[in-house]
Each structure stands twice: as C-alpha cells, then as structure tokens.
Amino acid sequence: MAHVAPTSHRRAPRTSHRGHRSADGPVQITSWLGLTLAFVVGLILTAQSHVGVHAAGVTLLVMLVPITIGVFVAAFRQGIGSWKAALGTAAALAFTLLKFFF
C-alpha cells in the first residue's frame, strides 16, 4: 500500500501570479549594454562572407528584435534605468532595422 501524506502536511496549492506587477525596479544598465553588444556582434557576423557565419548573424539579429522590444515595454512599465544605455540600445535596434529594410 502506498504511503499518502496526511492532509495536515500537504502544501497549499500555489496561487497564480499572472497579471501581478513585479516590483523588480528599473531595467539594469547591464541589460541595455548586453543587448547593444549582441547587436554589434550580430552586425559583425552579417558582414562576413562565409554563408554559415552570415546566417548566424542574421539569426541572432532576428531573435534580438522582439527581445529588445520586450525590454523596452518592460522599461516603460518599471523604469528605464540608464537613459544613455537605453538610447544606445535604441540606436543599435534602429540601425539593424534600417539595414534590413533598406
């Protein structure tokens, strides 16, 4: 017969935290700088002539666009943090989008 824990020892069911606004604070400068660095690396990779390396750069940049937009949305909800770093990331995002569309 399997052992079943008594009711008094069972954990309470976890409540859902959907829609709960996190109080983590503003976006950290390292997040902005990391995104900017990733854009620079992606742009360097796309400038390479090797097909696989170029494809890796394009893949990286395509994945970074929605992530960066999500970080900006979170930044407007919780706080930008460093305006200079956010502007650098915005410039990298704009440059990347302009490069792909024009």
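Residues numbered from 1 in each chain as written. Predicted model: local features only at pLDDT ≥ 70, side-chain atom pairs only at ≥ 80, totals over all residues. Heavy atoms only, no water.

K.L.:
Could you clarify how one ought to interpret the packing of helix 2 (residues 51-78) against helix 3 (residues 83-101) in this entry?
P.N.:
Axes are the key here: two packed helices are described by the angle between their axes and the distance separating the axes. Orientation of helix 2 relative to helix 3, taken along the N-to-C sense of each, is 135 degrees, at an axis distance of 11 Å. If you check the angle between helix 2 and helix 3, you find them oblique. In terms of crossing hand, the pair formed by helix 2 and helix 3 is left-handed. Of the residues in helix 3, those in contact with Val58, Leu61, Val65, Thr68 and Phe72 of helix 2 are Ala86, Thr89, Ala90, Leu93, Thr96, Leu97 and Phe100. Among the residues making up the contact of helix 2 with helix 3, the classes are represented as nine nonpolar, three polar and no charged. (Axes fitted to C-alpha atoms, helices over the stretch in contact; angles between N-to-C directions. Helix = DSSP H or I, 4+ residues; strand = E, 2+ residues; numbered from the N terminus. Parallel < 35°, antiparallel > 145°, perpendicular 65-115°, else oblique. Left-handed = near helix turned anticlockwise from the far one by under 90°. Contact = heavy atoms within 4.5 Å. Nonpolar A, V, L, I, M, F, W, Y, C, P; charged D, E, K, R; others polar.)

K.L.:
Just checking my understanding: could you explain the environment of Thr68 for this structure?
P.N.:
Relative to the elements of secondary structure, Thr68 occurs in helix 2. Classification of Thr68 as buried rests on a relative accessible area of 0%. It is 9.9 Å that separates the C-alpha atoms of Thr68 and Phe39, two residues lying 29 residues apart in sequence. In this view, Thr68 contacts Leu35, Phe39, Thr89 and Leu93; residues no more than four positions away in its chain are not counted. (Buried < 20%, exposed > 50% of the residue type's maximum accessible area, 1.4 Å probe, protein only.)

K.L.:
Just to check I follow, could you spell out the nonpolar core for this structure?
P.N.:
Across soluble globular proteins, nonpolar side chains show a tendency to be buried alongside one another. With 17 residues, the main nonpolar core has Trp32, Phe39 and Leu64 as its most contacted residues. Secondary-structure elements contributing two or more residues to this core are helix 1 (29-46), helix 2 and helix 3. Looking at this core, the element that brings in the most residues is helix 2, giving six residues. Not counting chain neighbours up to four residues away, the residues in contact with Trp32 comprise Val27, Val71, Phe72, Ala75, Ile80, Ser82, Ala85, Ala86 and Thr89. (Core = buried A, V, L, I, M, F, W, Y, C linked by side-chain atoms within 4.5 Å.)

K.L.:
Honestly, the packing of aromatic side chains in this entry has me stumped. Any pointers?
P.N.:
Given two aromatic rings, one states the distance between the centres and the angle between the planes to describe the pair. Enumeration according to the criterion identifies one aromatic pair in this entry. Between Trp32 and Phe72 the ring centres are 4.9 Å apart and the planes differ by 45 degrees, which places this aromatic pair in the tilted class. With Trp32 in helix 1 and Phe72 in helix 2, the pair connects residues that are 40 residues apart, well separated along the chain. Here Phe72 falls in the buried class, since its relative accessible area comes to 15%. (Phe/Tyr/Trp six-rings, centres within 6.5 Å; stacked < 30°, edge-to-face > 60°.)

K.L.:
Even after reading the chapter, I still don't get the confidence of the model for the chain, so can you show me in this structure?
P.N.:
Do not read the fine detail of predicted coordinates wherever pLDDT is low. Mean pLDDT over the chain stands at 88; residues scoring 70 or higher make up 78%. Mean pLDDT in the chain bottoms out at helix 3, which sits at 95, and peaks at helix 1, which reaches 97. (pLDDT = per-residue confidence, 0-100.)

K.L.:
Help me out: how do you make sense of helix 1 in this one?
P.N.:
Every α-helical turn comprises 3.6 residues, leaving residues that sit three or four positions apart pointing alike. Taking 1.5 Å per residue, 18 residues should reach 26 Å; helix 1 reaches 26 Å between its end C-alpha atoms and fits that length. Turning to helix 1, its buried residues are Trp32, Leu35, Thr36, Ala38, Phe39, Gly42, Leu43 and Thr46. The arc enclosing the buried residues of helix 1, seen along the axis, measures out at 155 degrees, which places them on a common side. For helix 1, the exposed residues lying more than 90 degrees away from the buried face are Thr30 and Leu37. (Expected span 1.5 Å × (residues − 1). Arc of directions from axis to C-beta.)

K.L.:
Got a minute to help me understand the packing of helix 1 against helix 2 in this structure?
P.N.:
Put simply, helix 1 and helix 2 touch, their axes get as near as 8 Å, and they point 155 degrees apart. As summarised for this structure, helix 1 and helix 2 are arranged roughly antiparallel, according to the angle between their axes. Pair helix 1 / helix 2 crosses with left-handed handedness. For the pair helix 1 and helix 2, the contacting residues are Trp32, Leu35, Ala38, Phe39, Val41, Gly42, Leu43, Leu45 and Thr46 in the first and Val53, His54, Gly57, Val58, Leu60, Leu61, Leu64, Ile67, Thr68, Val71, Phe72 and Ala75 in the second. Taken together, the residues that form the contact of helix 1 with helix 2 break down as 16 nonpolar, five polar and no charged.

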